[in-house]
Amino acid sequence: MSSGPRWEKAAEAYATGEHKAGRELELVVELAGPTGTERVLDVGTGAGHTALALAPRVSSVVLSDPVPAMLSTARRLFEEAGVQNAEFIEAVAERLPFPDSSFDIVTTRLAAHHFDDVALAFREVARVLRPGGIFIFIDTLAPDDPESAAYQDEVETLRDPTHRRIHRQGAWIAFCEMAGFRLERTEVVRKAHPFEPWLERGGADAATQQKVRARFLDAPPSAVRDLEIVIQDDVVVSFTDRKVVLAVRR
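Treat the numbers as computed from the prediction; the structure is a model and nothing was measured.

Time to look at the overall build of the chain. Counting its secondary structure elements, the chain contains 10 helices and eight strands. The principal-axis extent of the C-alpha atoms belonging to the chain is close to 55 × 35 × 30 Å. Among the 250 residues that make up the chain, the fraction classed as buried is 55%. For the chain, the proportion of contacts with a sequence separation of at least 24, taken over those separated by at least 6, is 74%.

Residues Leu41, Val106, Phe115, Phe122, Phe135, Trp172 and Phe181 are the most contacted members of the largest nonpolar core, which totals 30 residues. Those elements that provide at least two residues to this core are strand S1 (39–43), strand S4 (103–109), helix H5 (118–128), strand S5 (129–141), helix H7 (169–178) and strand S8 (235–249). If we ignore the near neighbours within four places in the chain, the residues touching Phe181 are Phe122, Val125, Ala126, Leu129, Phe135, Cys176, Val248, Arg249 and Arg250.

Positionally, Val40 belongs in strand S1. Residue class for Val40 comes out buried when judged on its relative accessible area of 1%. For Val40 and Ser238, which are 198 residues apart along the polypeptide, the C-alpha to C-alpha distance reads 34 Å. Residues in contact with Val40, not counting those within four places in the same chain, are Leu54, Val58, Ser60, Val61, Val62, Phe103 and Ile105.

It is worth spelling out unusual backbone geometry at this point. Phi is positive for Glu228, which is not a glycine, with a value near 50°. Its place among the elements puts Glu228 in the loop between helix H10 (221–226) and strand S7 (230–232). Accessibility expressed as a relative area gives 35% for Glu228, which makes it partly exposed. Phi at Asp233 takes a positive value of approximately 55°, unusual for a residue other than glycine. Here Asp233 shows up in the loop between S7 and S8. For Asp233, a relative accessible area of 76% puts it in the exposed group.

This next bit is on H7. Within the sequence span of H7, burial applies to Trp172, Ile173, Phe175 and Cys176. Projected down its long axis, H7 shows its buried positions confined to an angular sector of 150°, all on one face. Seen from the buried face of H7, the exposed residues on the opposite side, beyond 90 degrees, are Gly170 and Met178. On its buried face, H7 is in contact with H5, S5, strand S6 (182–194) and S8. One or two positions beyond H7, positive phi appears at Gly180, with a value near 100°.

Another aspect to go through is the environment of Val67. Along the chain, the position of Val67 falls in the loop between strand S2 (60–65) and helix H4 (68–81). Since its relative accessible area comes to 2%, Val67 is described here as buried.

On to the packing of aromatic side chains, then. Here the structure, examined in full by the defined rule, presents 15 aromatic pairs. Between the aromatic rings of Trp172 and Phe175, the centroid separation amounts to 6.2 Å while the plane-to-plane angle is 55°, which identifies the pairing as tilted. You can see Trp172 and its partner Phe175 sitting in helix H7, three residues apart, about one turn around the helix. Each member of the pair Trp172 and Phe175 is classed as buried.

A full pass over the atoms with the stated rule returns 22 salt bridges. The shortest N-O distance in the salt bridge between Arg185 and Glu187 comes to 2.7 Å. Through salt bridges with shared partners, a single ionic network connects Arg23, Glu26, Glu30, Arg185 and Glu187.

Below, the discussion takes up the side chain of Arg159. In this fold, Arg159 is placed in helix H6 (residues 146–159). Side-chain polar atoms of Arg159 contact the side chain of Glu156, separated by 3.2 Å. A polar contact is formed between the side chain of Arg159 and the backbone oxygen of Trp198, at a distance of 2.7 Å.

A word on the packing of H6 against helix H9 (residues 206–217). At their nearest, the axes of H6 and H9 sit 9 Å apart, and the two run at 165° to each other. As far as their axial angle goes, H9 and H6 are roughly antiparallel. Considering how the two elements wind past one another, H6 and H9 form a crossing that is left-handed. Seen from H6, the contacting residues are Tyr151, Glu154, Val155, Leu158 and Arg159; seen from H9, they are Thr208, Lys211, Val212, Arg215 and Phe216.

About the thresholds
- Residues numbered from 1 in each chain as written.
- Predicted model: local features only at pLDDT ≥ 70, side-chain atom pairs only at ≥ 80, totals over all residues.
- Heavy atoms only, no water.
- Helix = DSSP H or I, 4+ residues; strand = E, 2+ residues; numbered from the N terminus.
- Buried < 20%, exposed > 50% of the residue type's maximum accessible area, 1.4 Å probe, protein only.
- Contact = heavy atoms within 4.5 Å.
- Core = buried A, V, L, I, M, F, W, Y, C linked by side-chain atoms within 4.5 Å.
- Arc of directions from axis to C-beta.
- Phe/Tyr/Trp six-rings, centres within 6.5 Å; stacked < 30°, edge-to-face > 60°.
- Salt bridge = Lys/Arg side-chain N within 4 Å of Asp/Glu carboxyl O.
- Polar contact = N/O pair within 3.5 Å; in protein donor to acceptor, adjacent residues only side chain to side chain.
- Axes fitted to C-alpha atoms, helices over the stretch in contact; angles between N-to-C directions.
- Parallel < 35°, antiparallel > 145°, perpendicular 65-115°, else oblique.
- Left-handed = near helix turned anticlockwise from the far one by under 90°.

Below, the structure is given as structure tokens:
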């Protein structure tokens, strides 16, 4: 991923859009249970909202992301909030540049569907997390219906070619367990997405955005059902998907 104009545009949309709030963000703080002394790593931080929610409650936070434009936006949000206990590190999830057992809490929110190798990324999380530390994972759940699951990956990839794959709940949990984590708690929340802001956040050009609109208007009935696609007067209004929140312990 590069830091060109596409990502600069997308980074600003992430800073001001729906990622800055939501029940799944509240659950990060609730499940992490910080006491004030922890060192936290947020992997694939995007605009930094997850790290920013934790920063006032911990000793320090490190924000990692492979996209410099995202890190620049996150740094600006921290400066605007007057929060100073943060570092910003350019890195991919599969190669975290930190020593073993460096962190008490690791988080990743709505980033893993971009990872090239989820299993390797989770092994890296386990490596940099201290024994007994907690990993809070959040990402989208694939529908159980294979047709609508394939459709969701299709439109996500069309909107944003850095998208890789959305998994079912059992698969996300299996990735955690294969990396050596013990599952402590699972929550699933529904999240409604106003369509045009969601489309804009992908950073695609106008022609590609129009292709995504057309594909939503032509969605299979299974996807209309599972993603609760709302269309009014041949205009896509919104859709709703599910986010899984996992609290796992090393």
